[in-house]
Amino acid sequence: MSSQICRSASRAARSILSASKHRSHVFAEGRTAAAAMAVSFRRKVPSLASYGRANSGSESGGWISGALALPATAYMLQEQEAHAAEMERTFIAIKPDGVQRGLISEIISRFERKGFKLVAIKIVVPSKEFAQKHYHDLKDRPFFNGLCEFLSSAPVVAMVWEGEGVIKYGRKLIGATDPQKSEPGTIRGDLAVVVGRNIIHGSDGPETAKDEINLWFKPEELVSYTSNAEKWIYGVN
């Protein structure tokens, strides 16, 4: 009977894990499979508690406890996979004025303290042609040429940050385009004075983030990893 129950447990675990590929059903299917597993055990072993007492010291207690742990373990892995799929990425650049003023560590620390994860970083002096690609959506504005000249005038720190809501909340951390309209506590509100020297750029939406990341970074320059702090930030156990 032990081999039959273990095979049943294995099938249930695989079913739970494969369900994570379908995010819209991931949690419902996981709970259903775990519940079905529990019912299956109750039918096959009428009294697990008394069985364990009657066979204390035998190997049967080990495989029973191990089999019962499978649904919980598989469901936990399923939740972690679904959580990872929810992570989004944004492009953040410290402009030449921010670099020249020595604000790199200050800006990075604000994103880190919030709980976001740095997955790519490099320092580069972009050409004016490259700057024009970056600001292509502003090409009809009268300040376009000056903006591109400024971005290409000195080193820029280009970064990709990852986390839940990182695009929207990253913009909140940065503050309004005009530093004088930015709230105290934001990067621009605390560290900048005028629009032309507002020290930082951040993607304003998912499509923009995707385009800017692809423009500034090659795929192999992006790193995927699990931070030990994530379970304390997101509560994934």
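No experiment lies behind these values; they were computed from the predicted model shown.

Participant: Requested: an account of the sheet that holds strand β4 (residues 200–202), with residues and values cited.
Facilitator: The strand order across the open sheet formed by 4 strands is β2-β3-β1-β4, and the pairing between neighbours is antiparallel. Looking at which strands have only one partner, the edges of the open sheet turn out to be β2 (117–124) and β4. Shown here is a sheet whose adjacent strand axes are inclined to one another by a mean of 20°, direction ignored.

Participant: For the side chain of Ser203, give the residues involved together with the corresponding values.
Facilitator: Structurally, Ser203 is set in the loop between β4 and α11 (206–216). Here the side chain of Ser203 touches Glu212 through a polar contact of 2.6 Å, side chain to side chain. Setting aside residues up to four positions removed in sequence, Ser203 forms contacts with Thr90, Phe91, Ile167, Arg171, Thr208, Ala209 and Glu212.

Participant: Which residues make up the environment of Gly170, and what values do they have?
Facilitator: Within the element layout of this structure, Gly170 appears in helix α9 (residues 166–174). Overall, the relative accessible area of 1% leaves Gly170 in the buried class. Along the sequence, Gly170 and Thr90 sit 80 residues apart, while their C-alpha atoms lie 7.9 Å from each other. When sequence neighbours within four positions are dropped, the list of residues in contact with Gly170 reads Phe111 and Gly165.

Participant: Describe in detail the packing of aromatic side chains, supporting the description with residues and values.
Facilitator: Where two aromatic rings form a pair, the distance of their centres and the angle of their planes describe that pair. Applying the stated criterion across every chain yields a total of 4 aromatic pairs. Between Phe91 and Trp216, the aromatic rings sit 5.1 Å apart at their centres with planes inclined by 25°, giving stacked as the arrangement. Taken as a pair, Phe91 in strand β1 (residues 88–94) and Trp216 in helix α11 lie far apart in primary sequence, 125 residues in all. We classify Phe91 as buried; its relative accessible area is 0%. A relative accessible area of 4% means that Trp216 is categorised as buried. Ring centres of Phe111 and Phe116 lie 6.4 Å apart, and the angle between their planes is 45°; on these two criteria the pair is classed as tilted. Residues Phe111 and Phe116 agree in their burial class; the two are buried. Above the face of the Tyr225 ring, Lys117 is positioned so that its terminal group lies 4.7 Å from the ring centre. Just above the ring of Phe217 sits the side chain of Lys122; from NZ or CZ to the centre is 4.7 Å.

Participant: Explain the packing of helix α6 (residues 104–114) against α9 to me, using residue names and the numbers behind them.
Facilitator: Orientation of α6 relative to α9, taken along the N-to-C sense of each, is 135°, at an axis distance of 11 Å. The angle between α6 and α9 falls in the class oblique. Considering the relative orientation of α6 and α9, their crossing is right-handed. Counting all contacts with α6, which are made through Arg110, Phe111 and Lys114, the residues of α9 involved are Tyr169, Gly170, Leu173 and Ile174. A breakdown of the residues in the contact of α6 with α9 according to their chemical character gives 4 nonpolar, 1 polar and 2 charged.

Participant: Can you break down α9 residue by residue, with the values?
Facilitator: Working note: α-helix, 3.6 residues per turn, so residues spaced by three or four point in the same direction. Burial in α9 covers these residues: Val166, Ile167, Gly170, Leu173 and Ile174. Each buried residue of α9 sits inside an arc of 115° when the element is viewed along its axis, so together they form one side. Residues of α9 that are buried make contact with β1, α6, β3 (156–163), α10 (187–191), β4 and α11. Gly175 lies just past α9 and shows a positive phi near 100°.

Participant: Describe in detail unusual backbone geometry, supporting the description with residues and values.
Facilitator: For Ile199, which is not a glycine, the phi torsion comes out positive at approximately 65°. Within the secondary structure, Ile199 sits in the loop between α10 and β4.

Participant: Can you explain the UniProt feature "binding site: ATP" (unreviewed entry) in the chain? Please cite residues and give values.
Facilitator: The UniProt record annotates "binding site: ATP" (unreviewed entry) at Lys95, Phe143, Arg171, Thr177, Arg188 and Asn198. Along the polypeptide, Thr177 turns up in the loop between α9 and α10. Apart from the residues lying within four places of it in its own chain, the contact partners of Thr177 are Arg188, Val195 and Asn198. Within the secondary structure layout, Asn198 lies in the loop between α10 and β4.

Cut-off values and rules
Residues numbered from 1 in each chain as written. Predicted model: local features only at pLDDT ≥ 70, side-chain atom pairs only at ≥ 80, totals over all residues. Heavy atoms only, no water. Pairing = 2+ DSSP bridges. Helix = DSSP H or I, 4+ residues; strand = E, 2+ residues; numbered from the N terminus. Axes fitted to C-alpha atoms, helices over the stretch in contact; angles between N-to-C directions. Polar contact = N/O pair within 3.5 Å; in protein donor to acceptor, adjacent residues only side chain to side chain. Contact = heavy atoms within 4.5 Å. Buried < 20%, exposed > 50% of the residue type's maximum accessible area, 1.4 Å probe, protein only. Phe/Tyr/Trp six-rings, centres within 6.5 Å; stacked < 30°, edge-to-face > 60°. Lys NZ or Arg CZ within 6 Å of the ring centre and 35° of its normal. Parallel < 35°, antiparallel > 145°, perpendicular 65-115°, else oblique. Left-handed = near helix turned anticlockwise from the far one by under 90°. Nonpolar A, V, L, I, M, F, W, Y, C, P; charged D, E, K, R; others polar. Arc of directions from axis to C-beta. UniProt positions renumbered as here; feature names shortened; annotations may be inferred.

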